[in-house]
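Residue-level structural notes
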Amino acid sequence: MTLAVEARDLWKTYAGGMHAVKGINFRIEPGELVVLVGGSGCGKTTTLRMVAGLERISDGQVLVGDRVVNDVHPSKRGVSLVFQNFALYPHKSAFKNIAFPLESAGVSRDEIRRRVNEVAEMLELGAHLDKTPDGLSGGQQQRVSLGRAIVRDPDVLLLDEPLSNLDARLRVVMRSELKRIQRRVGSTAIYVTHDQVEAMTMGDRIVVMDAGQIAQMGTPAQVYLTPATLYVAQTIGSPAMNLFTGRASVAADKLSLSGQGWAINISGDGARALIARLPGADMSITAGIRPEDLDLGGVGAALGMGPCVTAEPLGSETLYNIDVSGVTCRVLRRETSVSMPEGQTAPVHLRSGARLHLFGADGLRIGGTVLRDSIGHVGWAPDESFV
Amino acid sequence: MSNLDYAPPAIRQTRRALIYMALIALSGIILAPFLMIVVLALSSPAEVFAWPPVLIPDNIQWQNFSDVFRVTNFGRAMFNTFVIATVSTIGIVLIDGLAGYAFAKMRFPGRTTMFLLILATLMVPVHVTIIPLFIMFRNFPLAGGNDIFGNGGFGILNSYPSMVLPFLATAYGTYLMTSFMRMLPDNLVEAARMDGAHEFAIFWKIYLPLAAPALTVIAMFNFTAVWNEFLVPLVMTSTADMKVIQTALADFSDQETVLWNLLMAAVLISILPLVLMFIVGQKHLVRGVAVGGTKG
């Protein structure tokens with residue numbers, strides 16, 4: 001059986017009054033894989049541990065299905081946890097590690113053998129069941145740890161940065177593997193990571209956490225295309241979004257966004273719609289543009305101009321760092337054959353179809369996206385129109 | 001010797017020779033009394049007092065070893081010693097292990113204070129506590145003819161419990177186990193808790209096996225200490241059938257004479273189990289001492 005998980009006004013306050021989690025709310029549907037992502041100290045692991053029952057809940061409720069589990073022992077919540085460093089019992093074989101939850105539950109020997117073998121087959125661990133953890137590779141330890149978590153058919157599978165101890169190549173392999181296994185087992189899953197690539201690739205939905213609160217919850221596309229706050233904009237996406245600080249000035253029906261070394265003018269219906277949403281005629285803003293939405297050269301007026309500081313070939317594309325009046329602007333170009341020498345000055349343009357995100361002085365998104373069309377016209381559309 | 005010794009070969013060899021000579025001399029000082037025990041244990045009474053001392057007896061007196069058991073009830077003393085050393089060692093492994101687990105892995109009010117109090121008892125010598133212990137054991141309720149208030153009889157004196165109880169748990173063992181358990185990862189507790197194991201099962205199935213090196217050290221040190229214990233058995237027991245090795249060794253002497261050859265044979269017999277234990281457990285002991293940072 002697979003159940004929903006819900007957090008209602010969940011708080012974690014440590015001795016001394018430090019709030020690690022500040023009244024968050026979310027609901028994860030049965031069978032869904034939701035990723036909690038954020039930087040160190042954002043409260044994502046604390047939230048997971050409160051769901052697991054390893055951390056006492058200061059206030060609020062955690063529900064598994066319809067049942068409030070605040071005071072239920074971790075082993076009775078129907079949840080299981082895959083630890084960051086696997087937490088395998090070093091003196092027990094892989095078989096015994098996987099069998100341990102069943103032994104604790106008093107399952108018969110024959111049944112234990114049957115279920116461990118079934119899980120081992122699913123995880124391709126059959127040949128390694130007699131080995132102790134120190135005789136297993138990182139990936140195999142990962143699988144044993146996962147096996148121990150799924151062997152008792154949990155309603156909810158919790159994963160605490162399970163890939164962070166693996167090397168880069170294995171991490172990519174295990175990403176899809178974990179997703180496949182979660183789909184096959186059918187458990188609702190909460191996955192904690194600080195790696196936004198993992199979050200984007202694995203999550204049915206992503207919860208971006210910032211300073212103990214949920215900054216945004218949505219599908220990977222929603223979070224990527226319409227980041228709700230500056231923090232989300234900076235956290236999601238690699239290479240990170242370019243941020244330009246400046247002012248938004250309204251003159252008649254025209255809107256001018258400009259800062260040191262950059263400027264964009266918006267006119268027409270889009271400008272009028274955006275002006276209606278701005279709290280004032282002249283206000284501080286931060287403009288965010290993803291590196292893939294910028295190009296070196298193009299039609300129309302340039303966003304800004306500056307010398308190329310470094311060029312980083314990434315294989316299929318190249319990342320250029322352009323110094324636009326003291327702000328390093330990242331530009332991602334597909335063309336790897338044409339490289340720009342470092343030091344050469346280049347104009348930075350918005351690409352056709354580029355999106356520019358606006359954030360107010362409070363760091364919140366001004367509900368829409370500045371769009372550049374194929375003929376260089378810059379307009380604006382509210383979020384509701386395309387998400 | 002360090003592998004990073006870059007001195008010229010001649011200096012290096014001289015240095016090494018000097019170090020080996022010093023080590024051999026030190027070994028001689030340590031081994032000489034032991035060799036003397038062996039020589040005396042195999043000597044006749046006349047050779048014991050011969051001058052110059054006899055290094056290899058003319059007739060090796062193997063029967064000294066059987067005489068040890070004929071002249072005194074040394075077999076019974078060895079059995080008694082074995083019982084109290086074994087029971088107290090099992091107790092220490094369990095109780096110190098549990099205490100170490102609790103102090104290292106569980107959270108409860110007063111944990112630090114209690115741990116410090118236990119550590120503070122390390123400063124109190126056993127000689128200070130021996131008389132209070134004697135009074136407590138003599139007044140033990142409903143034992144040895146005592147009433148419920150502990151009066152009228154001799155309590156648990158002259159019994160195994162009076163010799164085992166003082167060694168059933170040690171502050172030192174608790175300290176060592178706590179230090180060792182702290183080095184084991186915390187998340188195994190959490191993993192086991194998630195897996196449905198109750199607190200004792202976590203200790204018994206996960207941490208106790210992992211603490212084997214430290215437990216070996218505690219077990220071996222404790223077994224040796226209790227095996228060689230003299231004061232507590234002397235104070236707590238007075239009958240011949242409750243004698244232990246150390247108090248039984250006194251039977252080889254009276255006011256006028258000391259049967260040195262038999263005494264030395266008895267000493268050799270008494271240390272034999274310890275030597276065997278150290279040979280068998282040497283590997284674990286070295287590992288345990290290394291991880292526990294203990295002086296042997």
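Residues numbered from 1 in each chain as written. Chains lettered and ligands numbered in written order. Predicted model: local features only at pLDDT ≥ 70, side-chain atom pairs only at ≥ 80, totals over all residues. Heavy atoms only, no water.

**Remarks on the overall build of chain B**
Put simply, the rule is: Here a helix means four or more residues in a row that DSSP labels H or I, a strand means two or more in a row labelled E, and each is numbered from the N terminus. Remark: exposure states derive from per-residue accessible area (1.4 Å probe, protein chains only) relative to the maximum for the residue type, with buried under 20%, exposed over 50%, and partly exposed in between. Only the protein chains shown count as cover for residues, with accessible areas throughout obtained via the Shrake-Rupley method and a probe of 1.4 Å. Charge assignment in this entry is limited to Lys and Arg as positive and Asp and Glu as negative, and neither His nor the chain termini are counted. For the purpose of locating charges, the reference atoms are NZ of Lys, CZ of Arg, CG of Asp and CD of Glu.
In terms of regular secondary structure, chain B is built from 14 helices and zero strands. Mapped in sequence order, the helices and strands of chain B form the string α-α-α-α-α-α-α-α-α-α-α-α-α-α. Structurally, chain B occupies a C-alpha span of about 75 × 70 × 30 Å along its principal axes. When each of the 296 residues of chain B is scored for burial, the buried share is 41%. As presented, chain B carries roughly 16700 Å² of accessible surface, and 71% of it is formed by carbon and sulfur atoms. Positive and negative side-chain charges in chain B, numbering 16 and 15 respectively, have mean positions lying 14 Å apart.

**Focus on the domain arrangement of chain A**
Residue and element names in this part refer to chain A. Defined as follows: What marks off one domain from the next here is an automatic or database domain assignment. Should any heavy atoms of two residues lie within 4.5 Å, those residues are considered in contact. Computed with a 1.4 Å rolling probe, the buried area is the accessible surface lost when two parts are put together, summed over both parts. Should a side-chain nitrogen of Lys or Arg be within 4 Å of a carboxyl oxygen of Asp or Glu, the pair is scored as a salt bridge. In the scheme used here, Gly and all other residues not listed as nonpolar or charged are polar, with Ala, Val, Leu, Ile, Met, Phe, Trp, Tyr, Cys and Pro taken as nonpolar and Asp, Glu, Lys and Arg as charged.
Taken as a whole, chain A is organised into domain 1 (5-229) and domain 2 (239-382). On a C-alpha basis, the centres of domain 1 and domain 2 stand 38 Å from each other. Taken together, the contact pairs seven residues of domain 1 with nine residues of domain 2. When residues of domain 1 are sorted by the area they lose upon contact with domain 2, Tyr 224, Leu 225 and Pro 227 head the list and together hold 64% of the total. At the boundary of domain 1 and domain 2, one finds zero salt bridges. For the side of domain 1 that touches domain 2, a count of residues per class yields five nonpolar, two polar and no charged.

**Quick word on the environment of Phe 103 of chain B**
Residues and elements named next belong to chain B. Mapped onto the elements of the fold, Phe 103 is located in helix α4 (residues 74-105). Residue class for Phe 103 comes out buried when judged on its relative accessible area of 5%. Not counting the four nearest positions on each side in its chain, Phe 103 is found in contact with Phe 108, Arg 111, Met 114, Phe 115, Ile 118, Thr 174, Thr 178 and Arg 182.

**Details of the sheet that holds strand β6 (residues 79-82) of chain A**
Residue and element names in this part refer to chain A. Quick note on the threshold: If DSSP finds at least two bridges between two strands, the strands pair. Axis geometry follows a simple rule: fit a line to the C-alpha atoms, using only the stretch in contact for helices, then measure angles between N-to-C directions, giving values from 0 to 180 degrees.
With mixed pairing, the six strands of this open sheet are ordered in space as β6-β7-β8-β3-β9-β10. Across the chains shown, the open sheet's two edge strands, defined by having one partner strand only, are β6 and β10 (213-218). Strand-to-strand twist in this sheet, taken as the mean axis angle between neighbours without regard to direction, amounts to 20°. Judged from the five bridges that link them, strand β7 (residues 156-160) and strand β8 (residues 188-193) form a sheet pairing that is parallel. Bridged to Leu 158 within β8 is Ile 190. Against the sheet, helix α5 (residues 168-185) makes contact with β3 (33-37), β7 and β8, and its axis sits at roughly 160° relative to β8, the strand it touches most.

**Considerations on a positive patch on the surface**
In plain terms, the rule: Patches in this entry comprise residues that are over 30% relatively accessible and not in a salt bridge; like charges within 9 Å are linked, as are nonpolar side chains (Val, Leu, Ile, Met, Phe, Trp, Tyr) within 5 Å.
Taken together, the side chains of Lys 96, Arg 109 and Arg 113 of chain A together with Lys 205 of chain B make up a positively charged region of the molecular surface. For Lys 205 of chain B, the position within the fold is in helix α10 (residues 199-210).

**Some details on the pattern of salt bridges**
Residue and element names in this part refer to chain A. Scanning the model with the defined rule gives 21 salt bridges over all chains in all. The partner of Arg 27 in a salt bridge is Glu 6, and the shortest N-O contact between them spans 3.2 Å. A residue pair is termed long-range when its members are at least 10 positions apart, and Arg 27 in strand β2 (residues 19-28) and Glu 6 in strand β1 (residues 5-13) qualify at 21 residues. Residue classification places Glu 6 among the buried residues on the basis of a relative accessible area of 16%. Of the charged contacts in the structure, one is a salt bridge between Arg 334 and Glu 317, with a shortest N-O distance of 3.6 Å. With a gap of 17 residues between them, Arg 334 in the loop between β18 (327-333) and β19 (345-350) and Glu 317 in the loop between β16 (304-313) and β17 (318-324) connect regions that are remote in the sequence. Bridged by salt links that share partners, the residues Glu 6, Arg 8, Arg 27 and Glu 29 form one connected network.

**Some words on helix α1 (residues 44-52) of chain A**
Of all nine residues making up α1 of chain A, eight are buried, and the element is well covered by its neighbours. Buried within α1 of chain A are the following residues: Lys 44, Thr 46, Thr 47, Leu 48, Arg 49, Met 50, Val 51 and Ala 52 of chain A.

**Some points on the packing of helix α9 (residues 187-194) of chain B against α10 of chain B**
Residue and element names in this part refer to chain B. How we decide: Each angle gets one of four labels, with under 35 degrees taken as roughly parallel, over 145 as roughly antiparallel, 65 to 115 as roughly perpendicular, and the rest as oblique. Two helices crossing with the near one rotated counterclockwise from the far one by less than a right angle form a left-handed crossing, whereas a clockwise rotation gives a right-handed crossing.
Packing of α9 against α10 brings their axes to within 10 Å, and their N-to-C directions diverge by 135°. The orientation of α9 with respect to α10, classified from their angle, is oblique. For α9 against α10, the interelement crossing comes out right-handed. For the pair α9 and α10, contact is made by Leu 188, Val 189, Ala 192 and Arg 193 and by Glu 199, Ile 202, Ile 206, Tyr 207 and Leu 210, respectively.

**Considering the UniProt feature "transmembrane region" (unreviewed entry) in chain B**
Residue and element names in this part refer to chain B. Cut-off, in case you're wondering: UniProt positions are given in the numbering used here, feature names are shortened, and annotations may be inferred rather than shown by experiment.
Feature annotation in UniProt places "transmembrane region" (unreviewed entry) on residues 18-42, 82-103, 115-137, 163-185, 206-227 and 258-280, given in this structure's numbering. Across residues 82-103, helical content stands at 100% and strand content at 0%; the span's end C-alpha atoms are separated by 31 Å. In the segment residues 258-280, helix accounts for 91% and strand for 0%; the C-alpha atoms at its two ends are 34 Å apart.

**Remarks on a nonpolar patch on the surface**
Residues Ile 19, Tyr 20, Leu 23, Ile 24, Leu 26 and Ile 29 of chain B make up a contiguous nonpolar surface patch of about 640 Å² in total accessible area. Position of Ile 29 of chain B among the secondary structure elements: in helix α1 (residues 9-41).

**Thoughts on the pairing of strand β20 (residues 355-360) of chain A**
In summary, the side chains of a regular strand alternate between the two faces of the sheet. Residue and element names in this part refer to chain A. Among the six residues in β20, five count as buried, and that is most of the element. Across five bridges, strand β14 (residues 282-289) lies against β20 in antiparallel orientation. In the strand pairing of β20, Thr 286 is matched with Phe 359.

**Some details on the UniProt feature "domain: ABC transporter" (unreviewed entry) in chain A**
Residues given the UniProt feature "domain: ABC transporter" (unreviewed entry) here are residues 5-236 of chain A. Along residues 5-236 of chain A, the helical share is 36% and the strand share 25%, with 24 Å between the first and last C-alpha atoms.

**A closer look at the confidence of the model for chain A**
Low pLDDT marks stretches whose predicted atomic positions should not be read closely. Note the threshold: Note on scores: pLDDT gives the predictor's confidence for each residue, bounded by 0 and 100.
Per-chain confidence: chain A averages 88 in pLDDT, with 96% of residues scoring 70 or above. Ranking the elements of chain A by mean pLDDT puts strand β22 (residues 378-382) of chain A last, at 70, and β3 of chain A first, at 96.

**Concerning the packing of aromatic side chains**
Residue and element names in this part refer to chain B. Basically, it comes down to this: Ring geometry is summarised as follows: Phe, Tyr and Trp rings, the Trp one being its six-membered ring, pair when their centres sit within 6.5 Å, and such pairs are stacked at plane angles under 30 degrees, edge-to-face over 60 and tilted between the two.
What the rule picks out here adds up to 13 aromatic pairs over all chains. A ring pair is formed by Tyr 101 and Tyr 207, whose centres lie 5.5 Å apart and whose planes are at 50°; its orientation type is tilted. Here the residue Tyr 101 occupies a position in helix α4, and Tyr 207 occupies one in helix α10, the gap between them amounting to 106 residues. Residue Tyr 101 shares its accessibility class with Tyr 207, and that shared class is buried.

**Focus: the interface of chain A and chain B**
In plain terms, the rule: Pairs of N or O atoms are called polar contacts if they sit within 3.5 Å, as long as, within protein, a hydrogen donor faces a hydrogen acceptor (for residues adjacent in sequence, only side-chain-to-side-chain pairs).
Every contact between the two is made by 22 residues of chain A and, on the other side, 14 residues of chain B. Between chain A and chain B, roughly 1600 Å² of surface is buried when both sides are summed, and carbon and sulfur atoms account for 64% of that area. On the surface where chain A and chain B come into contact, there are two salt bridges. The closest approach of N and O atoms between Arg 49 of chain A and Glu 190 of chain B, which form a salt bridge, is 2.5 Å. Our count for the chain A to chain B interface comes out at six residue pairs in polar contact (both at pLDDT 80 or more). For the side of chain A that touches chain B, the elements supplying multiple residues, two or more each, are α1, β6 and α2 (94-104) of chain A.

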